[in-house]
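# Structural overview for review
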Amino acid sequence: TLPMSKSTEVLYYNKTFFEANNLTVPTTWDELETVCAQIKAIDPNCIPLGYDSEANWFITMCEQMKSGYTSAEDGGKYLFNNDTNKAFVKKLHDMYQKGYFTTQELYGSYTSNLFVETTDTRCYMCVGSSGGASYQMSNNDTADGKFAFEVGVAPIPQYNAENRKVISQGPSICIFKNADTQEVLASWLFAKFLTTDVNFQASVSMNNGYAPVIQSVKNNQVYADFLASANTANIQAYAVKVALDQANAYYVSPAFNGSSVAREQVGLLVQKCLVLDSSDVDGAIKKAFEAAVAECKYQSGQ
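Since the model is a prediction, treat every value here as computed from it, not as a measurement.

Turning our attention to the side chain of E33. Within the secondary structure layout, E33 lies in helix α2 (residues 29-42). Residue E33 is classed as buried on the basis of its relative accessible area, which comes to 18%.

Have a look at this one:
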């Protein structure tokens, strides 16, 4: 298996709105909550933030807080049922109940649809894939042909500056064994081209917004010009540049038989906990964590 291209999460924000209201782009989760409250005060009908992936948010918080998510040791361990994680999920629950954000599953579609809205309920920040930058541009052009608002791109917020973490994701090329050695060789040569040819990697990144997987792409002048064009008028290059600027903070979760189950379960866990209206929220969150771990163990045969 070889990496084909990469994406990560970035924070898209309505630059026009932020500048008009003297808002500061958040760099920490505490700052994000403060900005959400400020935006809600300015536009009470809005949902300040859209976050596409509940699972990514949970796993990223675990990485940033060093609180434990999973481990590949002994065939796979599920470590996310702990007090630190329950506390930040409770914090997310409280923020959701205040109307500060929504997610892809709870909203019913990618939150970029909410972000580009200009007439109905809207949001002013969106955390989504750097590879989806083109969907963050308003499709409601004004009479002079310009977009309704400028979009800024920034790194996602962090728990603290000493342990910056942001997820690294993206498609891979898999080569399978085959009785025909020439087919295996052909597969290898094709995969080698896709993953190591500088011009091809540069072309893919410029056309779909994903980041290349080899650093030598930086030596490609056309690609260097592409990154140099990164601004609010070229949102795709802007998102790729921000993604590459976060490279030192990339993390990947351990892979083992059952790791995909964990990702699915923590995503469902967040969804379930955000909408809780129980008189005992702490108790309900505790039960939700226990049920998620139990389901992970069941599905992975532990």
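Let us look at the pattern of salt bridges. Applying the stated criterion across every chain, the model contains 9 salt bridges. A salt bridge links K15 to E19; the shortest N-O distance between them is 2.5 Å. Placement of both K15 and E19 in helix α1 (residues 15-20) is noted, with a separation of 4 residues, approximately one turn of the helix. Each of the salt bridges in this network shares a partner with another, and the network as a whole consists of D30, E33 and K91.

Among the 8 residues in strand β2 (residues 7-14), 8 count as buried, and that is most of the element. Burial of β2 is two-sided: the residues S7, E9, L11 and Y13 facing one way and the residues T8, V10, Y12 and N14 facing the other way are all buried. Across 2 bridges, the pairing between β2 and strand β9 (residues 166-169) is antiparallel. Among the inter-strand pairings, S7 is bridged to a residue of β9, identified as Q169. Where β2 lies against strand β7 (residues 125-129), 5 bridges are found, and the strand directions are antiparallel. Paired with E9 across the strands is S129, a residue of β7.

This part covers the nonpolar core. A general feature of soluble globular proteins is that nonpolar side chains tend to end up buried together. Y12, I39, L49, F58, F80 and M125 are the most contacted members of the largest nonpolar core, which totals 80 residues. Considering each element in turn, this core owes the most residues, 8 residues, to helix α12 (residues 281-299). Apart from residues no more than four positions distant in its own chain, F80 is found in contact with F58, G68, Y69, N85, V266, F289, A292, V293 and C296.

What counts, and at which threshold
- Residues numbered from 1 in each chain as written.
- Predicted model: local features only at pLDDT ≥ 70, side-chain atom pairs only at ≥ 80, totals over all residues.
- Heavy atoms only, no water.
- Helix = DSSP H or I, 4+ residues; strand = E, 2+ residues; numbered from the N terminus.
- Buried < 20%, exposed > 50% of the residue type's maximum accessible area, 1.4 Å probe, protein only.
- Salt bridge = Lys/Arg side-chain N within 4 Å of Asp/Glu carboxyl O.
- Pairing = 2+ DSSP bridges.
- Core = buried A, V, L, I, M, F, W, Y, C linked by side-chain atoms within 4.5 Å.
- Contact = heavy atoms within 4.5 Å.

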